[in-house]
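Here is how the chains run, residue by residue.
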Amino acid sequence: MPGDGNSLTTLRTAITVFFALDGFVFAGWVVRIPAIKEQTDASASALGLALLGVSAGAVVTMILTGRLCRRFGNHRVTVACAVLLSLSVALPPLTHSALALGLVLLVFGAAYGGINVAFNSAAVDLVAAMRRPIMPSFHAAFSLGGMVGAGLGALVAGSLSPTRHLLLLTGVGLLVTAVAGPVLLRHEPPTPPERERPAEDAPRRLDGRTRGLVLVFGLIAGCTAYGEGALADWGALHLEEDLAASPGAAAIGYTCFALAMTVGRLTGTTLLERLGRTRTVVAGGATAAAGMLLGSLAPALWAALLGYAVTGIGLANLFPVAVERAGALAGPSGVATASTLGYGGMLLGPPAIGFMADWFSLPVALTSVAILAAVAALIGFATRRAAAG
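Since the model is a prediction, treat every value here as computed from it, not as a measurement.

Analysis parameters
Residues numbered from 1 in each chain as written. Predicted model: local features only at pLDDT ≥ 70, side-chain atom pairs only at ≥ 80, totals over all residues. Heavy atoms only, no water. Salt bridge = Lys/Arg side-chain N within 4 Å of Asp/Glu carboxyl O. Helix = DSSP H or I, 4+ residues; strand = E, 2+ residues; numbered from the N terminus. Buried < 20%, exposed > 50% of the residue type's maximum accessible area, 1.4 Å probe, protein only. Core = buried A, V, L, I, M, F, W, Y, C linked by side-chain atoms within 4.5 Å. Contact = heavy atoms within 4.5 Å. pLDDT = per-residue confidence, 0-100.

## So, the pattern of salt bridges
Link 1 in the chain: Going through the model one piece at a time under the given rule, you end up with 5 salt bridges.
Link 2 in the chain: Across the pair Lys37 and Glu241 runs a salt bridge whose closest N-O atoms are separated by 4.0 Å. Placement of Lys37 in helix H2 (residues 33-40) and of Glu241 in helix H9 (residues 208-242) is noted, with a sequence separation of 204 residues between them.
Link 3 in the chain: For Lys37, a relative accessible area of 17% corresponds to the buried category.
Link 4 in the chain: Residue Arg277 is joined to Glu324 by a salt bridge in which the shortest nitrogen-to-oxygen separation is 3.5 Å.

Structure representation (structure tokens):
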């Protein structure tokens, strides 16, 4: 595809729409988790195991999606996964046991994992073609979609059943895919001539150092995804059960987090151009650690909401930086590897927090998010020379 400005702008818009749709659908699901927990009569640990279905389905699919992207193209896989994601989000309210919930969440997670690898791979290609660190802007769209989805959930939590709410999300998802999908499919991924052969050869000719860097970026993504998943799955429940917030107020907690991430990512390109990747990762990890300590241990609702917002600002650009660098090094396989390790954080997060909540308390369990955010900052600082090279 020629790298003319109009084509790249159109392609950027289409990819951005799918990022936003993914965040909108996912947030719409997570704000209804307390209602689904009550519906299935699940304990904290049983709910954690059921939520494992999302991450397990995502991680298994991510391992395969890199190959699918190379065979069928990033854009086709993105559209196919968007359809599956939209259909599967309507399934959780139809279950009445933790086991059934876990099984349908496997399908939802598979779609979620597949679309994340596919549109991140498409975004990496576009970042290279445009020669600017614009990756945070795509993830800002995801966060903005999450904020809108969570805000809608907060508005309808008291008046609309989870079944009708999530079925509404299915309709929105299919409509958006019908509009944006053809636009994406009409455009071939841009490949600058100087990167064409390395991108094709990357999956087969990675040296040990490059593989090691991809794994490092994956670890940073994992620490970040653990925090995002924890707030998505357990943030509203913490506010509702530990701070006596109403269902609507509890849903606002994730909205604060998503809004803060949106702001952080909208300014991410400027931040990366001024500070560089290493400083951005270190400062972000430290900020998120401080914010989550406040969000998990604060005795008042307003302070917890502030903590959620600070955590969102801190985590905002860690995952985009990690995935973009892995993709630049190894193409779709690099994105798949970093994403698999990243969502491995989500794989460990739901059951780990659920069990820790049963053993200790949910606030104590959520402090693990702060610990891993600090670990991400330390990894970024310790590998600064290798990453720069």
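## Describing the nonpolar core
Link 1 in the chain: Formed by 114 residues in total, the largest nonpolar core has its most connected members in Ile15, Phe26, Trp29, Phe108, Phe138 and Tyr254.
Link 2 in the chain: Here this core takes 16 residues from H9, the largest share from any one element.
Link 3 in the chain: If we ignore the near neighbours within four places in the chain, the residues touching Ile15 are Phe119, Ala122, Ala123, Leu126, Phe138 and Leu184.

## Thoughts on the confidence of the model for the chain
Link 1 in the chain: Looking at the chain as a whole, its pLDDT mean stands at 86, while 93% of the residues score no less than 70.
Link 2 in the chain: Per-residue pLDDT, averaged within each element of the chain, yields its smallest value for helix H8 (residues 193-201) (45) and its largest for helix H4 (residues 74-88) (96).
Link 3 in the chain: For the stretch residues 195-204, pLDDT sits under 50, and the model shows 9 contacts to residues farther than four places along the chain or on other chains.

## Structural notes on unusual backbone geometry
Link 1 in the chain: With a phi close to 60°, Arg131 is a non-glycine residue in the positive phi region.
Link 2 in the chain: Tracing the chain through its elements places Arg131 in the loop between helix H5 (98-130) and helix H6 (135-156).
Link 3 in the chain: The exposure class assigned to Arg131 is exposed, which follows from its relative accessible area of 61%.

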